[in-house]
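# Breakdown of the fold
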Amino acid sequence: MKKTVDVSIPLGPVHPIFKEPCRIKCETFGEQILAAEVELGYMKKGIERIMVGRPWQEVMFLAERVCGICSVIHNFVFIETMEKISGVAVPDRAAYLRVLANELDRIQSHLIANFSYCYTIEHETIGMYLLNIRETVMDMLEFLTGARVTCAYIIPGGVRFDPDSEDLARIMHALDDVEHETRLYMSMFESGPLIGLRSKGIGIMTREEAELIHAVGPTARACGIAVDCRSEHPTYLRLNFIPLVRTEGDNYARVMLRFQEILQSIEMIRTIIRTLPEGLIRGGGTIGRGRTTHKGEAPRGELTYRIKSDTHGRVQEISIQTPSIMNIEACARYMIPGVTSVADVTAAYISSDPCVACTER
């Protein structure tokens, strides 16, 4: 049945709240949103086409540039895909160090996601505090890998650098500060009356809707769906990883779940440092010919690489499926329609932590 529309309101593509350009086209009845459509296509890089025909040594660096906010997981999944093709084994110490770097990157990604949400609902105080914590995490990532954003830490058969006991102690000390401040601002978010008014009951998506749209990552887990690729990864299984879930399915749940996952990642890193096995950080091996599909858990959800390589390790075909495309569609289909104020449209959109750079690679 056709709905009566008062006016169509376009938000974006340039908007002070959006980290990256996109347009949200809303059909309204009064202040209520009846339907929404997210229009992409403003920053396509064509990076998959650039990768074709290049050796894995070059593609490894290009993979990180699919997204600067979650570059480590792109490095991680690409290298594991090439290892899967070539049967390259990874020493235990290197496997643990890979997870350490990946969880540090998850923490900083979740912090900037929650900053963006707080900024969207005009609670800039908590937002800026979260950015300050993120700087500490970025410093730790640089200390471990040698770079803050595009680290290229994970290589076939292992990792580039091996931290010594003093380096690991320094990371442990910094994590204490990160945990203390995260718990403080998490409690402020949890109890703030303004935050409750702008977040609880806003942008609701039910478990059934999330399953229908194939939502992933914290967006799905905030609806009660325990989907997380880390549950299938051998190193995470050794760390007894269990996905966290909430059931509210609203803006508040998505942000709070990311806070909880930050604390979970901190504890996971502590476990890694306490139980880090001795041994080599590089196992060796040669990248060769083959075709396979491999996936991992990015901060926003399931990330999948499909690669075909030749005998010299050159990439002949590559397809990357990033998590945000499903979550952006979930925003347009379920989270935004039904909100009672145009002012809540951007909050519902940002609560899913969309990454347009990944989506439009």
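Here, the structure is the one placed above.
Nothing here was measured: the structure is a model prediction, and the numbers come from that model. (Residues numbered from 1 in each chain as written. Predicted model: local features only at pLDDT ≥ 70, side-chain atom pairs only at ≥ 80, totals over all residues. Heavy atoms only, no water.)

### Topic: the side chain of Arg-93
Structurally, Arg-93 can be placed in helix α4 (residues 92-120). A residue is classified by how much of its surface remains accessible, and Arg-93, at 7% relative accessible area, is buried. Here Pro-277 takes part through its backbone oxygen, which lies 2.9 Å from a polar atom of the side chain of Arg-93. With residues near it in sequence (within four places) discarded, Arg-93 still touches Asp-162, Pro-163, Leu-276, Pro-277, Glu-278, Gly-279, Leu-280 and Ile-281. (Helix = DSSP H or I, 4+ residues; strand = E, 2+ residues; numbered from the N terminus. Buried < 20%, exposed > 50% of the residue type's maximum accessible area, 1.4 Å probe, protein only. Polar contact = N/O pair within 3.5 Å; in protein donor to acceptor, adjacent residues only side chain to side chain. Contact = heavy atoms within 4.5 Å.)

### Notes on empty space enclosed by the protein
A water-sized probe, rolled over the atoms, reveals where empty space remains. One pass over the full model with this rule turns up 1 cavity of 30 Å³ or more. By volume, the largest cavity is sized at about 50 Å³. As for the largest cavity, its lining consists of Phe-18, Lys-19, Glu-20, Tyr-349, Ile-350, Pro-354 and Val-356. (1 Å grid on protein atoms, 1.4 Å probe; cavity = no way out; pocket = protein on both sides within 12 Å on 5 of 7 lines; lining within 4 Å. Points joined across faces, edges and corners; volume = space filled by probe spheres on them.)

### Some words on the pattern of salt bridges
Side chains that carry opposite charge are capable of pairing whenever their charged atoms lie near each other. Taken as a whole and judged by the stated rule, the model has 29 salt bridges. A salt bridge links Glu-135 to Arg-148; the shortest N-O distance between them is 3.0 Å. Of the two residues, Glu-135 sits in helix α5 (residues 124-145) while Arg-148 sits in the loop between α5 and β4 (154-155), which places them 13 residues apart along the sequence. Taking relative accessible area as the criterion, Glu-135 reaches 34% and is therefore assigned partly exposed. Arg-148 gets classed as partly exposed once you look at its relative accessible area, which sits at 27%. The partner of Glu-232 in a salt bridge is Lys-295, and the shortest N-O contact between them spans 3.9 Å. Note that Glu-232 is positioned in the loop between α9 (217-221) and α10 (234-238) and Lys-295 in strand β6 (residues 290-298), a separation of 63 residues in sequence. Counted as one network, the salt bridges with shared partners bring together Glu-103, Arg-106, Arg-221, Asp-228, Arg-230, Glu-261 and Glu-297. (Salt bridge = Lys/Arg side-chain N within 4 Å of Asp/Glu carboxyl O.)

### Overview of the sheet that holds strand β3 (residues 32-39)
On the basis of which strands lie adjacent, the open sheet formed by 3 strands has the order β1-β2-β3 and antiparallel pairing. Looking at strand neighbours, the two that pair on one side only are β1 (7-11) and β3, the edges of this open sheet. Along the sheet, successive strands turn relative to each other by an average axial angle of 20°, direction set aside. Two strands pair when backbone bridges link them, and strand β2 (residues 23-29) and β3 are joined in this way by 7 bridges, in the antiparallel orientation. From the neighbouring strand, Arg-23 faces β3, where its bridge partner is Glu-39. (Pairing = 2+ DSSP bridges. Axes fitted to C-alpha atoms, helices over the stretch in contact; angles between N-to-C directions.)

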